[in-house]
Amino acid sequence: MATEQAVLDALRGLKDPDSQKDIVTLGLVRDLSVRGSEVSLTLAFSGQPPATKVMLHSMASKLVGQLPGVAKVNVKMGGAGAPAAHGHGHAPGQAPAAPQPKAADLIPEVRHTIAVSSGKGGVGKSTVAVNLALALSRTGAAVGIIDADVYGPDLPLMLGTRGRPGMFDNRIIPVDAHGIKVMSIGLLVGDKEPLVWRGPMIHSFIQQMLRDVLWGALEYLVFDMPPGTGDAQLSLSQVIPLSGVVMVTTPQDVALLDVRKAIGMFQRLNVPMLGIVENMSYFIAPDTGNRYHIFGEGGGQRVADEYGVPLLAQLPLDPETRKGGDEGAPITVRRPQSAQAQAFRDLGARVIERLEAVASLRPLPTIS
Ligand SMILES: Nc1ncnc2c1ncn2[C@@H]1O[C@H](COP(=O)(O)OP(=O)(O)OP(=O)(O)O)[C@@H](O)[C@H]1O
Ligand SMILES: [Mg+2]
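Counting from 1, residues in each chain are numbered in the order their sequence is written. Here the convention is simple: chains get letters from A, ligands get numbers from 1, in the order in which they are written. Only residues with pLDDT of at least 70 are given local features in this predicted model, and only at 80 or more are side-chain atom pairs given and counted; all residues enter the totals for whole chains, interfaces and linings. By convention in this description, side-chain values take in all heavy atoms of the structure and omit both hydrogens and water.

### Remarks on the overall build of the protein chain
Counted only if it meets this: Going along the chain from the N terminus, every DSSP run of H or I of four or more residues is numbered as a helix, and every run of E of two or more is numbered as a strand. The buried label applies to any residue whose accessible area, calculated with a 1.4 Å probe on protein chains only, is under 20% of its type's maximum; exposed applies above 50%, and partly exposed to all values in between. Surface accessibility follows the Shrake-Rupley procedure with a 1.4 Å probe radius. Residue values consider only the protein chains on display as shielding.
Within the protein chain, the secondary structure is distributed over 12 helices and 15 strands. Burial statistics for the protein chain: of 368 residues in total, 49% are counted as buried. Total accessible area computed for the protein chain in this model is approximately 16,700 Å², and 53% of it derives from carbon and sulfur atoms.

Take a look at the structure:
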């Protein structure tokens, strides 16, 4: 079994890049505990830039995880002076009830939080998330978007963001793109750095994206999720009470199989389902005007009926939409007059309606 001393010795190998002092000497390591093969600790960060925090967190987990006798490492991110590692008021021995909604602490000025998710990868989540966020902002609302796809952050490229986020008062200032506020891990780390995550780290990262980012007052905050039903989905719905989820799928059966799993997971987490978006529904040949259902027909509607939720949109396969994503000027910005841009604005309108409908069904925590 590893000793506390052995853990501290390992962590002394990790230097803060700015001060060049090791993180133990800097007093960053708090609440260290070794229980059997499980080690947990908090890194009490002070003014470190976000990329440094992420890097130190990842390195600390790795170093401790490599020690003989250690099977599990839980590194939390805290702030200096804040007892971040302690619970949220559970009496000792009392089992924690359902995850406590803490949105009021994390993002008090955000009214609606919308996750854009899917069962399968590559079905167009990021495309839908980006164009939905832009469509919502065209109603005059203040909108933000978070790249919660920690494995493959695509938003900087899709939105054509430039530069790194600034800092103010120890918080990260989101980058502006086409009038919406954007935050992505891709803005903090270099292109070539591989992103290796463990469950607890995703959790603290998502918390950090909310707590440490200066979102200000927003009507809508959209989350571009990684595909599937993994740690990010779980963490996000535990960290904040999501107003709802938009589920993106393509019409073919394999995608539908996965989307059912994903819907099931959000239902278990009590996250309201706003509806289904069927992407790449059909293709209209530019020369003949004929409609081709390349991935099959009616799949989105079937799933929507099965779960009693609306089919919010059917979006065609459209070369301009792909180009927009590749070039950092999404279709809603690039060709606002196109049918596809109009389809995204209609989607925005339906999402707004659904947010009201599900909110009236389920009392959301009041934000004081
Ligand atoms: N309706 C569409 N018409 C044409 N191309 C599309 C459409 N929707 C998405 N695409 C393109 O398909 C590719 C995958 O889309 P996108 O990155 O949005 O999917 P994703 O579900 O976010 O993928 P990942 O799971 O990798 O994050 C992109 O190149 C995108 O431009
Ligand atoms: Mg994506």
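### Quick word on the side chain of T161
Formally: Working rule for contacts: check all heavy atoms of both residues, and any pair within 4.5 Å makes them a contact.
Take T161: it is sitting in the loop between α5 (155–159) and β6 (166–168). Taking the relative accessible area as the measure of exposure, T161 reaches 15% and is therefore buried. Setting aside residues up to four positions removed in sequence, T161 forms contacts with P156, V175, A177, V182 and L187.

### Overview of a nonpolar patch on the surface
Under the convention used in this document: Patches here: salt-bridge-free residues with over 30% relative accessible area, like charges joined within 9 Å, nonpolar side chains (Val, Leu, Ile, Met, Phe, Trp, Tyr) joined within 5 Å. Each reported salt bridge corresponds to a side-chain nitrogen of Lys or Arg within 4 Å of a carboxyl oxygen of Asp or Glu.
A surface patch of nonpolar side chains, about 270 Å² in accessible area, is lined by Y292, I294 and L317. Checked against the element boundaries, I294 lands in the loop between β14 (291–292) and α9 (299–307). With a relative accessible area of 48%, I294 lands in the partly exposed category.

### Observations regarding unusual backbone geometry
Excluding glycine, most residues fall at negative phi; most peptide bonds, likewise, are trans. We note that Q20 has phi near 60 degrees; this positive angle belongs to a residue other than glycine. Inspection of the secondary structure assignment puts Q20 in the loop between α1 (4–11) and β1 (29–35). A residue is classified by how much of its surface remains accessible, and Q20, at 47% relative accessible area, is partly exposed. The phi dihedral of H178 is positive, around 50 degrees, even though this residue is not glycine. Residue placement: H178 occurs in the loop between β8 (175–177) and β9 (180–184).

### Quick notes on the pairing of strand β12 (residues 273–279)
What counts here: For two strands to be treated as a pair, DSSP must find no fewer than two bridges joining them. Looking down the strands as they point away from the viewer, one classifies a crossover as right-handed if the path from the first strand across the helix to the second runs clockwise.
Among the seven residues of β12, seven are classified as buried, and the element is accordingly described as predominantly covered. Relative to β12, strand β11 (residues 244–249) is paired through five bridges, and the arrangement is parallel. Across the sheet, V248 pairs through a bridge with V277, a residue of β12. Regarding the hand of the β-α-β motif, the stretch spanning β11, helix α8 (residues 253–268) and β12 is right-handed. Where β12 meets strand β15 (residues 311–315), four bridges bridge the pair, whose relative direction is parallel. If you follow I276 over to β15, its bridge partner there is L311.

### Examining the pattern of salt bridges
This structure, assessed with the given rule, holds 11 salt bridges. Here R211 and D212 are joined by a salt bridge, their closest N and O atoms 3.2 Å apart. Among the residues examined, R211 registers a relative accessible area of 32% and is labelled partly exposed. We classify D212 as buried; its relative accessible area is 13%. In this structure, K261 engages D258 in a salt bridge whose closest nitrogen and oxygen atoms are separated by 3.7 Å.

### Considering the pairing of β1
Two strands pair when backbone bridges link them, and β1 and strand β2 (residues 38–45) are joined in this way by five bridges, in the antiparallel orientation. Bridge pairing in β2 links S33 to S40. Here β1 folds back onto β2 in antiparallel fashion, the turn holding two residues, of which G36 has a positive phi close to 60 degrees.

### Some details on the site of ligand 1
Rules: A single heavy atom is enough: if one lies within 4 Å of a molecule or strand, its residue is considered near that molecule or strand. Pairs of N or O atoms are called polar contacts if they sit within 3.5 Å, as long as, within protein, a hydrogen donor faces a hydrogen acceptor (for residues adjacent in sequence, only side-chain-to-side-chain pairs). Put simply, Ala, Val, Leu, Ile, Met, Phe, Trp, Tyr, Cys and Pro go in the nonpolar bin, Asp, Glu, Lys and Arg in the charged bin, and everything else, Gly too, in the polar bin.
Around ligand 1 there are 19 residues in total, and K125, S126, T127, N279 and D318 lie nearest to it. Interatomic distance of 2.9 Å between a backbone N/O atom of G122 and an oxygen atom of ligand 1. In this structure, D318 approaches ligand 1 through a main-chain N or O atom, which is 2.9 Å from a nitrogen atom. In isolation ligand 1 exposes 620 Å². Once the protein is present, 81% of that is buried. Contributions of two or more residues to the shell around ligand 1 are made by α4 (125–137) and α10 (319–326). Sort the elements by how many residues they give to the shell around ligand 1 and α4 lands first, with three residues. Grouping the amino acids of the shell around ligand 1 by side-chain chemistry returns six nonpolar, eight polar and five charged.

### Here's the deal with the environment of G299
Topologically, G299 is positioned in helix α9. Spatially, the C-alpha atoms of G299 and L256 are 6.9 Å apart, while their sequence positions differ by 43 residues. Those residues in contact with G299 that sit more than four places away from it in its chain are P251, L256 and E278.

### Focus on the confidence of the model for the protein chain
This is how the line gets drawn: Known as pLDDT, the predictor's per-residue confidence is scaled from 0 to 100.
For the protein chain, per-residue confidence averages 85 on the pLDDT scale, and 88% of positions sit at 70 or higher. A low-confidence stretch, residues 82–101 (pLDDT under 50), is modelled with 14 contacts involving residues beyond four sequence positions or located in other chains.

### Some points on the sheet that holds β11
Formally: For every element, the axis is a line fit to its C-alpha atoms; helices are fit only across the contacting stretch, and the angle between N-to-C directions ranges from 0 to 180 degrees.
With mixed pairing, eight strands are arranged side by side in an open sheet as β8-β9-β5-β10-β4-β11-β12-β15. Strand pairing shows two members of the sheet lacking a second neighbour, β8 and β15, which therefore form its edges. Between one strand and the next, the sheet's axes are offset by a mean angle of 25 degrees, whatever the strand orientation. Set on the sheet, α9 makes contact with β12 and β15; between it and β12 the angle comes to about 165 degrees.

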